[in-house]
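Residue-level listing of the chains:
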Amino acid sequence: MDFGALCTLARRLRRFAASCRGLVAVPVGGLCAACALASGPELPELQSAPVTELPGSFADRPEAGAHQPLEWWRAFADPVLDEVVESVLASNFDMAEAVARVQQARIQARRADAAILPTVRARAGVDSFDAPINAGIGAQLRELGLDDALGASGLTLPDRLGLTTYSLNAEFEYELDFWGRVRHASLAAGAELLASESDMRAARIGLLAETIAAYFDIVHHRRQTMIARETVDVLKERERVAETRYDRGLTDLLALHRARQALRDTQAGLPPLDDRLAEAEGRLAVLLGGYRDDVAELLPASLSPAHIADAVPAGIPADLLLQRPDVRAAGYRLESAGQDIETRRAELLPSLSFSGAIGLQTTNATGLFNVQQWFSNLASNLLAPVFDGDRLASNVALAHARFNELAAAYGRSVVTAVAEVEVALAGMRNAARRHALLAGLREEARASLELRSQRYVSGVGRYADFLDARRTSLDVESALVGAEWNLALARLAVHRALGGHWTAPETIVAEAPDAAPPPARPLTESGG
């Protein structure tokens, strides 16, 4: 939604707050202050629900400031991921469906706009009349005795009567839109078009989030599988050492059983990892509109995405009204419902329409080029509802009820957006804390492994102790890989909750295709 139109909607909601009570709250009041200096065309007054103020900041107090959306997936700094995203956007079936829905809405908007202008149709016709004399007008002439009168004068009626008339004319129809019925219907269709475009952007963000999540799942399960196999190798060696010590009588059977049990448990964990990896690759294949072979061709054997722990600038809650496409779609549909109320009200009032035709008419085809054969007709029609069984009034009441429903939906979308951002920010903060703790633990495990290795090489430490330290290091590494996975998904959740990525304007290099706000009233084939 463009800024001016959004501000207009917020002002309307505020104006009706004093007159409507008991309806669901629509928290867009915080936007009014941001719109104080914005200007835009004033549309007719609409009813709305009372509003409440948006919070001034998010609970986690993330970085604020003036922000604009970018190709936010590039914040993960992974060229392979960028290539995957571009491939999905080019071939995904869900995006193709969303684009088709926008095209349908655009056509509907054009149809509504067309009703504002007169309808003009060209018509060329040939009317031929041929009937026996004993039927139709010939029979009526005989009943009047005109055939006898003609016979007395030496004239006789033919057996058949025929006449061919050629016409070439233009017909027109036009309804004077006194009460704005057609205009409001056009505005409602335009708002539905913008809502459809916002739905497409929401679908695009959802698609990107699913793609990135599937990619990180593949990365995670590949790394976990690699670590699990290294752990199996270590445990096999640990089992061999335990068997040797048991054969020499240096340890008991229980220690040997523990070594074997640890090996079997780790080996049993490999098939589920393979299953989860196959499932993630299958999800990515569907998103690509292909098969798992396509995923294998797209992804290299080794994946090592960069670890990004920087905070995501979230701006202020009012930014969500401009950035989140689902909130914008709800706002557009609320606007469309308000315009529909005005359309239904106008149907209660009289309508005045004109129709007519002008052209040429002759019984000889060559006469169509004779301007003396012109004709014209003009008709006006005043239609006023008198009794319709309360159908038109019910349409107005139904439009009001639908508006109230969409006002509640809009309010829910706003508070849901704020809540999702706050939950995502909290999740990312906690994921970052856990990752930092495990990163410190990995350094300790590596230091311990290095010490055990030196002691073993120096002959003062046991080989079994070195293997145990190696296993501990792998366990910590596995936990850290899981923490990196959780942190990446938590960051993804923040981006999705914000409707993209917010970054300071001075860092902008190139805007994403969906970064620019849609026009207030698009009527041409653009974007998509």
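Our subject is the structure listed above.
The sections below set out a description of the structure shown in this document. (Residues numbered from 1 in each chain as written. Predicted model: local features only at pLDDT ≥ 70, side-chain atom pairs only at ≥ 80, totals over all residues. Heavy atoms only, no water.)

### Some points on the overall build of the chain
- Secondary structure assignment for the chain yields 14 helices and 6 strands.
- The buried share of the chain, taken over its 528 residues, is 40%.
- In the chain, once contacts between residues fewer than 6 apart in sequence are set aside, the share between residues at least 24 apart is 87%.
- For the chain, the accessible area works out to roughly 27800 Å², and carbon and sulfur atoms hold 56% of it. (Helix = DSSP H or I, 4+ residues; strand = E, 2+ residues; numbered from the N terminus. Buried < 20%, exposed > 50% of the residue type's maximum accessible area, 1.4 Å probe, protein only. Contact = heavy atoms within 4.5 Å. Areas by Shrake-Rupley, 256 points an atom, 1.4 Å probe, with all protein chains shown as cover.)

### Observations concerning the sheet that holds strand 3 (residues 160-176)
- Strand order across the open sheet formed by 4 strands is 2-3-4-5, with antiparallel pairing between neighbours. At either margin of the open sheet sits one strand with a lone partner, and together these are strand 2 (119-132) and strand 5 (374-383). The sheet shows a mean angle of 25° between the axes of neighbouring strands, direction not considered.
- Alignment of strand 3 against strand 4 (residues 351-362), held across 11 bridges, turns out to be antiparallel. If you follow Ser167 over to strand 4, its bridge partner there is Gln361. (Pairing = 2+ DSSP bridges. Axes fitted to C-alpha atoms, helices over the stretch in contact; angles between N-to-C directions.)

### Comments concerning the pattern of salt bridges
- The final tally for this structure, using the stated rule, is 30 salt bridges.
- We note a salt bridge from Arg260 to Glu239, for which the minimum N-O separation is 3.5 Å. You can see Arg260 sitting in helix 8 (residues 253-268) and its partner Glu239 sitting in helix 7 (residues 181-247), a full 21 residues away along the chain.
- Under the relative-accessibility criterion, Arg260 is labelled partly exposed at 32%. (Salt bridge = Lys/Arg side-chain N within 4 Å of Asp/Glu carboxyl O.)

### Some remarks on unusual backbone geometry
- Of note in the backbone geometry, Ala77 takes a positive phi value of approximately 55° without being a glycine.
- Mapped onto the secondary structure, Ala77 falls in the loop between strand 1 (68-69) and helix 3 (79-91).

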